[in-house]
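Survey of secondary and tertiary structure
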Amino acid sequence: DPQPDPHPHPHPTLGEEGWDLVGEFRGSQTYVARSSAAGETGTMTCRITGEMPGVPLRDVCAVWREINLFGHWIPAVQTARVLRWFGPAEFLLWLDVWLGLLYRDVVAYGFGVDLLHEGKIVIMCQSVDASVYPGEAIPPPPRSLTGRRALIRQMRVMMEPVAPDC
């Protein structure tokens, strides 16, 4: 009898039902899943996974805080910009994303949550109406046949050390 894997994979594997691999970069994989459930048509879930052996959590957090560099390592993100920092872990951002022939941009509010007592840090993010932030340098929504402003209902980035030296 086959024994269950004592170390289940924390991320989708190639061919796992519902998840499509979008790209790989330096050991991280980006997956998407599209929903066809009632009320969720057009909803896409994105998951980026990867392990960085021997890299302290503070260094991983520093990479995520460099929002302006997302275009260098997150597949499909062409440009990312911090529009405003409200605090050390609270921000308004703009992303320019290409999904094949489709162009989307995103305006989102995000913040970090310190859950180190549970061994992790979480970044939460969701789209906001640009009109809520008058005076900010928010680019206008795309106006083309294949472009429009995307809606992020919720985004969670969880960073969790998996080695004792991190």
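Rules of the game
- Counting restarts for each chain, with residues numbered from 1 along the sequence as it is written.
- Local features in this predicted model are restricted to residues of pLDDT 70 or higher, and side-chain atom pairs are both shown and tallied only at a pLDDT of 80 or more, whereas totals for entire chains, interfaces and linings draw on every residue.
- As a convention, hydrogens and water are excluded, and side-chain values are obtained from all of the structure's heavy atoms.
- Planes of paired rings set the category: under 30 degrees apart is stacked, over 60 is edge-to-face and the rest tilted, where pairs are Phe, Tyr or Trp rings (Trp by its six-membered ring) whose centres lie within 6.5 Å.
- Under the DSSP-based scheme used, a helix requires at least four consecutive residues in state H or I and a strand at least two consecutive residues in state E, with every element numbered from the N terminus.
- Each residue gets one of three labels from its accessible area relative to the maximum for its type: buried under 20%, exposed over 50%, partly exposed in between, using a 1.4 Å probe on protein chains only.
- Put simply, a charge is over a ring when the Lys NZ or the Arg CZ is close to the ring centre, within 6 Å, and near the line of the ring normal, within 35 degrees.
- Salt bridge, as used here: a side-chain nitrogen of Lys or Arg that lies within 4 Å of a carboxyl oxygen of Asp or Glu.

**Here we look at the packing of aromatic side chains**
What characterises a pair of aromatic rings is the spacing of the ring centres plus the angle enclosed by the ring planes. The tally for this structure, following the rule as stated, stands at 8 aromatic pairs. Seen from their ring centres, Phe 86 and Tyr 133 are 6.0 Å apart, and the 40 degrees between their planes marks the pair as tilted. Residue Phe 86 is found in strand β4 (residues 77-87), and its partner Tyr 133 is found in the loop between β7 (120-127) and β8 (147-149); the two are separated by 47 residues along the sequence. Residue classification places Phe 86 among the partly exposed residues on the basis of a relative accessible area of 29%. Taking the relative accessible area as the measure of exposure, Tyr 133 reaches 16% and is therefore buried. Here the aromatic cluster, defined as three or more aromatic residues joined through ring pairs, consists of Phe 86, Tyr 109, Phe 111 and Tyr 133. One Lys or Arg, Arg 65, reaches over the ring of Trp 85 and ends 4.1 Å from the middle of that ring.

**Digging into the pattern of salt bridges**
Counting across every chain of the model gives 2 salt bridges. With a closest N to O distance of 2.7 Å, Arg 149 and Asp 105 form a salt bridge. With Arg 149 in strand β8 and Asp 105 in strand β6 (residues 102-115), this residue pair connects regions lying 44 residues apart in the sequence. The partly exposed category is assigned to Arg 149, whose relative accessible area is 25%. Here Asp 105 falls in the buried class, since its relative accessible area comes to 1%.

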